[in-house]
Amino acid sequence: MKKIIFFLPFLFLVFSCEHKVEKVEKAFYYWRSDSYPSDKEKQILVDQNIQKIFVKFFEVDHSDAMGNFPISKTSFSLNSYCTKDQPNPYQIIPTVYIKNIVFQKSSEKELDQLADNVNFLINKYTNEKLDSLKVSEIQIDCDWTASTKDKYFYFLKKLKPISQKEISATLRLYPYKYPDKMGVPPVDKVTLMCYNLINPLADQSKNSILDLKELESYLNTRKKYPLHMDIALPVYSWMQVYQNNQFTNVLYDVKDIKPHLKEIKPLWYEVQKDTVINYETYLRVGDKIKYEEITADKINKAIALIKKNIKLDKEITVTLFHLDENQLNNYTDEEISHFYSDFTK
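Residues numbered from 1 in each chain as written. Predicted model: local features only at pLDDT ≥ 70, side-chain atom pairs only at ≥ 80, totals over all residues. Heavy atoms only, no water.

Caption draft 1: A look at the environment of Pro200. Along the chain, Pro200 falls in the loop between strand E7 (189–193) and helix H8 (212–219). Note on Pro200: relative accessible area 30%, which makes it partly exposed. Apart from the residues lying within four places of it in its own chain, the contact partners of Pro200 are Ser208, Trp238, Gln240, Tyr242 and Lys290. (Helix = DSSP H or I, 4+ residues; strand = E, 2+ residues; numbered from the N terminus. Buried < 20%, exposed > 50% of the residue type's maximum accessible area, 1.4 Å probe, protein only. Contact = heavy atoms within 4.5 Å.)

Okay, structure coming up:
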């Protein structure tokens, strides 16, 4: 009996270590269209020893008149991030966001052409803006649905041999939890997007960027996903503006607004003074603001839930969304460092 009692903790230790993360590759998403990093942003990359940057090269939209076409092209330049000490320090992962309407409207022939066009534009941009930097991976970002699954997967299968690169895809929480219904994308690996869990306008009582109870409800599958899985976490906050009880826009640079707000209930504030934001947005007394803030404590709790519920490989990439000084000023260097290192603890 004593031998059995002694052996049980040993078994627990073995199984608990089986899926323990031993190494984290640190990364950021770069989702802006400008190519002028601040000194603070460049310093964060150096201080955090960032190895990868997932750069959104462009998006793909669709219209009946134009068919599939690229929009929101980035002007990111690797030279802007290089220094004498670090002439070429980063692995750049071209990332392309494809709207779901593309797969709703496109035939297989059109998707064949889309795969060619996406690969051509990535190569063209890599040669022009990244000094012909060798790119080994392409990431595709899409909110596919059960009805567009087959066409989206068809596109992914076509892109792989054309690009001759590793293909990764973003994975939202719903298809993560229901792979039998949503399918498993035919890619080399996926990045689980642990944010944007709720339609921002659908539930006024929850933080749509990251609600911990909502996150846990998707993670508790007890099954290992059939592909290698990396993790993406949010490091941004925003304010939804409501004027005359109607949603009008979203504000990301919130530091100048907060002094003019009065909390009226959890997440909700009322404007106390007429305020102009960035010469563009005029807030009036009485306007309502839903402030969805992501704190270091909330991210740490999300990491704990992920570690508890997901069977991760020994080596993973953790990517923070996204590289923006205004948002990253909300965290200390030590807090940002822990967003990566806590996965190995």
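Caption draft 2: Structural context of the nonpolar core. Core analysis: the largest hydrophobic core is formed by 91 residues, its most contacted members being Ile92, Phe155, Leu192, Leu233 and Phe343. Excluding residues within four positions of it along the chain, Phe155 makes contact with Ile98, Phe103, Leu111, Leu114, Ala115, Val118 and Ile140. In this structure, Met239, Ile277, Leu283 and Ile289 belong to the second largest nonpolar core, which totals 11 residues. (Core = buried A, V, L, I, M, F, W, Y, C linked by side-chain atoms within 4.5 Å.)

Caption draft 3: Representation of the packing of aromatic side chains in the model. Using the criterion set out here, one finds 22 aromatic pairs in the structure. Plain terms: the ring middles of Tyr29 and Trp31 are 5.7 Å apart, the flat faces sit at 90 degrees to each other, and that makes the pair edge-to-face. The exposure class of Tyr29 is buried, given its relative accessible area of 1%. A connected cluster of aromatic rings, assembled from ring pairs, spans Tyr29, Trp31, Phe54, Tyr195, Tyr236, Trp238, Tyr252 and Phe321. Its guanidinium or amino end placed over the ring of Tyr218, Lys177 lies 6.0 Å from that ring's centre, counting from NZ or CZ. The ring of Tyr178 carries the charged tip of Lys181 above its face, separated from the ring centre by 5.0 Å. (Phe/Tyr/Trp six-rings, centres within 6.5 Å; stacked < 30°, edge-to-face > 60°. Lys NZ or Arg CZ within 6 Å of the ring centre and 35° of its normal.)

Caption draft 4: Structural view of the pattern of salt bridges. This model, assessed by the stated rule, comprises 18 salt bridges. As a salt-bridge pair, Lys56 and Glu59 come within 2.8 Å of each other at their nearest N and O atoms. On the basis of relative accessible area, Glu59 is assigned to the buried category, the value being 13%. Here Lys224 ties to Asp313 by a salt bridge, and the two come within 3.1 Å at their closest N and O atoms. Pair noted here: Lys224 is in the loop between H8 and strand E8 (228–234) and Asp313 is in the loop between helix H9 (296–309) and strand E16 (315–321), with a separation of 89 residues, a long-range link. Assessed through its relative accessible area of 38%, Lys224 is described here as partly exposed. By relative accessible area, which is 25% here, Asp313 ends up partly exposed. Because the salt bridges share partners, they merge into one network encompassing Glu137, Glu166 and Lys189. (Salt bridge = Lys/Arg side-chain N within 4 Å of Asp/Glu carboxyl O.)

Caption draft 5: Local environment of the environment of Val285. Topologically, Val285 is positioned in the loop between strand E14 (281–283) and strand E15 (288–292). For the pair Val285 and Gln272, spaced 13 residues apart in sequence, the C-alpha separation works out to 5.1 Å. Here Val285 is in contact with Val271, Gln272, Lys273 and Asp274, once residues within four sequence places are set aside.

Caption draft 6: Molecular detail of the sheet that holds strand E11 (residues 261–265). The 5 strands lie next to each other as E10-E9-E15-E12-E11, forming an open sheet whose pairing is antiparallel. Each having just a single partner strand, strand E10 (246–251) and E11 make up the two edges of the open sheet. Averaged over all adjacent pairs, the angle separating strand axes in this sheet is 30 degrees, with direction ignored. Both strand E9 (residues 238–243) and E10 contribute to a ladder of 5 bridges, which runs antiparallel. (Pairing = 2+ DSSP bridges. Axes fitted to C-alpha atoms, helices over the stretch in contact; angles between N-to-C directions.)

Caption draft 7: The arrangement of the pairing of strand E2 (residues 52–63) in detail. Taken across its 12 residues, E2 has 11 buried, putting it largely inside the fold. Relative to E2, strand E1 (residues 23–30) runs parallel, the two being bridged by 4 bridges. When the bridges of E2 are listed, Phe28 appears paired with Ile53. Direction of pairing for E2 relative to strand E4 (residues 91–98): parallel, over a ladder of 8 bridges. Across the sheet, residue Phe54 finds its bridge partner in E4, namely Ile93.

Caption draft 8: Region of interest: helix H11 (residues 333–341). Residues of H11 that are buried: Ile336, Phe339 and Tyr340. In a view along the axis of H11, the buried residues occupy a sector of 95 degrees, so they form one face of it. Buried residues belonging to H11 abut E1, E8, H9, E16 and helix H10 (325–328). (Arc of directions from axis to C-beta.)

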